[in-house]
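# Understanding the architecture of this molecule
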Amino acid sequence: MIGLISATAAGAAARDRLAAAWPDRTRVYEGPVGDAVRAAFAECEQLVCFLATGAVVRLVAPLLDDKRTDPGVVCVDEGGRFAVPLVGGHGGGANELAREVGELLGAEPVVTTATDAVGLPGLDTLGLPCEGAVAAVSRALLDGEPVVLEAEVPWPLPALPTAAHGSYTVRLTDRAVRAGEREVLLRPPSLVVGVGASKGAPAEEVLGLVEQALREAGLSARSVAELATVDAKAGEPGIVAAAGRLGVPLVTYPAAELAAVDVPNPSAAPLAAVGTPSVAEAAALLRGGELLVPKRKSAMATCAVVRRPGRGRLAVVGLGPGARDLLTPRAKAELRRASVLVGLDQYVDQIRDLLRPGTRILESGLGAEEERARTAVAEARGGRAVALIGSGDAGVYAMASPALAEASDDIDVVGVPGVTAALAAGAILGAPLGHDHVSISLSDLHTPWEVIERRVRAAAEADLVVTFYNPRSRGRDWQLPKALAILAERREPATPVGVVRNASRPDESSRVTTLAGLDPATVDMMTVVTVGNTATREIAGRMVTPRGYRWQEEAQ
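Each chain carries its own residue numbering, running from 1 in the written order of its sequence. Given that this is a predicted model, residues contribute local features only at a pLDDT of at least 70 and side-chain atom pairs are listed and counted only at 80 or more, while totals for whole chains, interfaces and linings are drawn from all residues. Hydrogens and water are ignored here; the side-chain numbers use all heavy atoms of the structure.

## A few points about the sheet that holds strand 27 (residues 537-539)
- What makes two strands pair is DSSP finding at least two bridges between them. The helix count covers DSSP runs of H or I at least four residues long, the strand count covers runs of E at least two residues long, and both are numbered beginning at the N terminus. Pairing is mixed across the open sheet formed by three strands, whose spatial order is 21-28-27. The sheet terminates laterally at strand 21 (430-431) and strand 27, the two strands that pair on one side only.

Below, the structure is given as structure tokens:
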């Protein structure tokens, strides 16, 4: 919960905007400001104070205890110009909260934590438990000292500027080791513990068996992701309590699914009791992984431990038509989350400044689309966080389709939409896509011209507005005239046609002409051509396709 505190009418107005936008996340604290801050500090995970930073410093100073547990505090000035993370930038989530508040209120987030200021992810903000010399290693990263990343378990971390050799180390491990003097241990949730228990098994026995198995195998309890068992034991008090004490979810599976898992130590007892020859081993192994601890037994419980490597993550990101302000916040977040970026060289240049230090860039030229798709999927299969970029929307004549044709269900895939060229051009031209429309690429590099021509004829017959992508290049100069001629069989010579080159970029140009007046020689690969349907009109220099035709009928 986020506590909201204000002292003036201006502050209350901004406070109420947040409360209205986040009704389930916020609670307004009324009354004297000092009492409100103290109450919110005790009851909420985060605070937004519409007060001067000096006033908030004095109010929260006596309340501070430990940066790992104190709530994050953000100050917003009376004018709503700045959102300042004051306390708990990392641990309390105040940095991210300031960005959210700033986006909602139009305020500038003022983030002063050292790693954020230079674009580095804080080691304590990676979503993994961390131990050891966090401050010292973070300082080494900031100072450009060589820091080695030792990943004993593949995991999709964001980019870190690491080196092959150095005196500081970030170690990604699920083993029960102690951090060295210049070392940070990151604990990935890579361990799955399968458990079984007789009815009434005490929680102490179940938990003791699990902890003993981990300890003797040299594994860290902080890397346990979940306890897994059969559906019939979903409500077994000892198992439920053991999961609660470990702070992990309890996951259950039907007996039939567990019975289909090949295990080294099946038994007749669970088969008779719950319908599967294995509970602990099968539940741990069901989603794959390496069996580190075969079935162990106590008087009333069993357990087994499996290491399940982190799934790689492939984000297919649409960069929009080129303008930075048309790059979505979600796209920016994915670019900063990735440790590997794959893309066309000219698109990489557009967003290079947004990447975190240490991001590995794999760029190539035109014509290597399928190679880039294979590379991105292979990097994700290696357990890395990968961003594969394309212009416009990555799913429209771009990289999503070849990438997803390569990808299987062994990686996580995230699609990030972008503003397409058709939409960007349409906004410049007016409202040409106000009714049914279709996009057709005139490039026959991947599609036979016979297929393209059939689609153009179908669009002409259906009276659809048509946006032509890839309309003309040096080596393909006849396809656009042919396509226009096909449309002209069904449309008047005065049909409006919009031509937009480099939509949203500094050298953008656009014009509205007609089907008869368009000179194909003025069109190139950087151009989008939009041909109206029989209802499209030019009004005040803009292309307009009405949503319905009733207004036209009434005007006649």
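So, next bit.
## Brief notes about the nonpolar core
- One finds Val 193 and Leu 227 to be the most contacted residues of the largest nonpolar core, which totals 23 residues.
- Elements that contribute at least two residues to this core include exactly strand 11 (191-197), helix 7 (203-217), strand 12 (224-230), helix 8 (237-246) and strand 15 (301-307).
- If one sorts the elements of this core by residue count, helix 7 sits on top with six residues.
- Here, residues are in contact when the closest pair of their heavy atoms is within 4.5 Å. Not counting the four nearest positions on each side in its chain, Val 193 is found in contact with Val 210, Val 224, Glu 226, Leu 227, Ala 228, Cys 303, Ala 304 and Val 305. Nine residue types can take part in a nonpolar core, namely buried Ala, Val, Leu, Ile, Met, Phe, Trp, Tyr and Cys, and a core is a set of them joined through side-chain atoms within 4.5 Å. Residue burial is assigned from relative accessible area. The probe radius is 1.4 Å, only protein chains are included, and a residue is buried under 20% of its type maximum, exposed over 50%, and partly exposed in between.

## Some words on the packing of aromatic side chains
- Between rings of Phe, Tyr and Trp, where Trp is taken as its six-membered ring, a pair exists when centres lie within 6.5 Å; planes separated by under 30 degrees are stacked, by over 60 edge-to-face, and by other angles tilted. Counted by the stated rule, this structure contains two aromatic pairs.
- Relative to Tyr 469, the ring of Tyr 397 lies with its centre 4.7 Å away and its plane at 55°, an arrangement referred to as tilted. With Tyr 397 in the loop between strand 19 (385-390) and helix 15 (400-406) and Tyr 469 in strand 23 (residues 465-469), this residue pair connects regions lying 72 residues apart in the sequence.
- Residue classification places Tyr 397 among the partly exposed positions, given a relative accessible area of 44%.
- Given the relative accessible area of 10%, Tyr 469 is considered buried.
- Ring geometry for Trp 449 against Trp 478: centres 5.0 Å apart, planes inclined by 70°, an arrangement best described as edge-to-face. You can see Trp 449 sitting in helix 17 (residues 449-461) and its partner Trp 478 sitting in the loop between strand 23 and helix 18 (479-488), a full 29 residues away along the chain.
- Positioned above the aromatic ring of Trp 22, the side-chain terminus of Arg 25 is 4.4 Å from the ring centre. As a reminder, the over-ring test applies to NZ of lysine and CZ of arginine, requiring each to be within 6 Å of the ring centre and within 35 degrees of the ring normal.

## Quick look at the environment of Arg 296
- For Arg 296, the location among the structural elements is in strand 14 (residues 290-297).
- For the pair Arg 296 and Ala 280, spaced 16 residues apart in sequence, the C-alpha to C-alpha distance is 8.8 Å.
- For Arg 296, the side chain forms a polar contact with the side chain of Glu 216, separated by 2.9 Å. Polar contact criterion, stated in full: a pair of N or O atoms within 3.5 Å, where within protein one must be able to donate a hydrogen and the other to accept it, and residues adjacent in sequence count only if both atoms are side-chain atoms.

## Let's talk about the environment of Ala 36
- Note on placement: Ala 36 falls in helix 2 (residues 33-43).
- It is 43 Å that separates the C-alpha atoms of Ala 36 and Ala 228, two residues lying 192 residues apart in sequence.
- Ala 36 has contacts with Ile 5, Tyr 29 and Glu 30, leaving out every residue within four places of it along the chain.

## Quick look at the environment of Thr 530
- Among the secondary structure elements, Thr 530 is positioned in strand 26 (residues 527-531).
- On a C-alpha basis, the gap between Thr 530 and Gly 426 in space is 7.9 Å, while along the polypeptide they are 104 residues apart.

## Here we look at the pattern of salt bridges
- Within this document, salt bridges are pairs made up of a side-chain nitrogen of Lys or Arg and a carboxyl oxygen of Asp or Glu, the two lying within 4 Å of each other. Overall, the coordinates contain 33 salt bridges when judged by the stated rule.
- The shortest N-O distance in the salt bridge between Arg 311 and Asp 412 comes to 2.8 Å. Residue Arg 311 is found in the loop between strand 15 and strand 16 (313-318), and its partner Asp 412 is found in strand 20 (residues 412-416); the two are separated by 101 residues along the sequence.
- A single network of salt bridges, built from pairs that share partners, joins Glu 150, Glu 152, Arg 171, Arg 175 and Glu 183.

## Notes on the layout of surface pockets
- In this analysis a 1.4 Å probe is tested at points of a 1 Å grid over the protein atoms alone, and where it fits but cannot get out there is a cavity; an open set with protein on both sides within 12 Å along at least five of seven lines is a pocket; lining residues have an atom within 4 Å of a point. Grid points are joined across faces, edges and corners, and a volume is the space filled by probe spheres set on the points. Each pocket or cavity is described by its volume, and for the largest pocket that value is around 1500 Å³.
- What lines the largest pocket is a set of 45 residues, among which Tyr 347, Ser 391, Tyr 397, Asn 470 and Met 525 lie closest to the centre.
- Mapped by element, the contributors of at least two residues to the lining of the largest pocket are helix 13 (345-351), helix 14 (369-381), strand 19, helix 15, strand 22 (437-441), helix 17 and strand 26.
- Reported here for the second largest pocket is a volume of approximately 1200 Å³.
- Those elements giving two or more residues to the lining of the second largest pocket turn out to be helix 4 (94-105), strand 6 (108-109), helix 5 (114-117) and helix 12 (329-337).
- Residues of the lining of the second largest pocket, tallied by class, amount to 15 nonpolar, nine polar and eleven charged. Side-chain classes follow a simple rule in which Ala, Val, Leu, Ile, Met, Phe, Trp, Tyr, Cys and Pro form the nonpolar group, Asp, Glu, Lys and Arg form the charged group, and the remainder, Gly included, forms the polar group.

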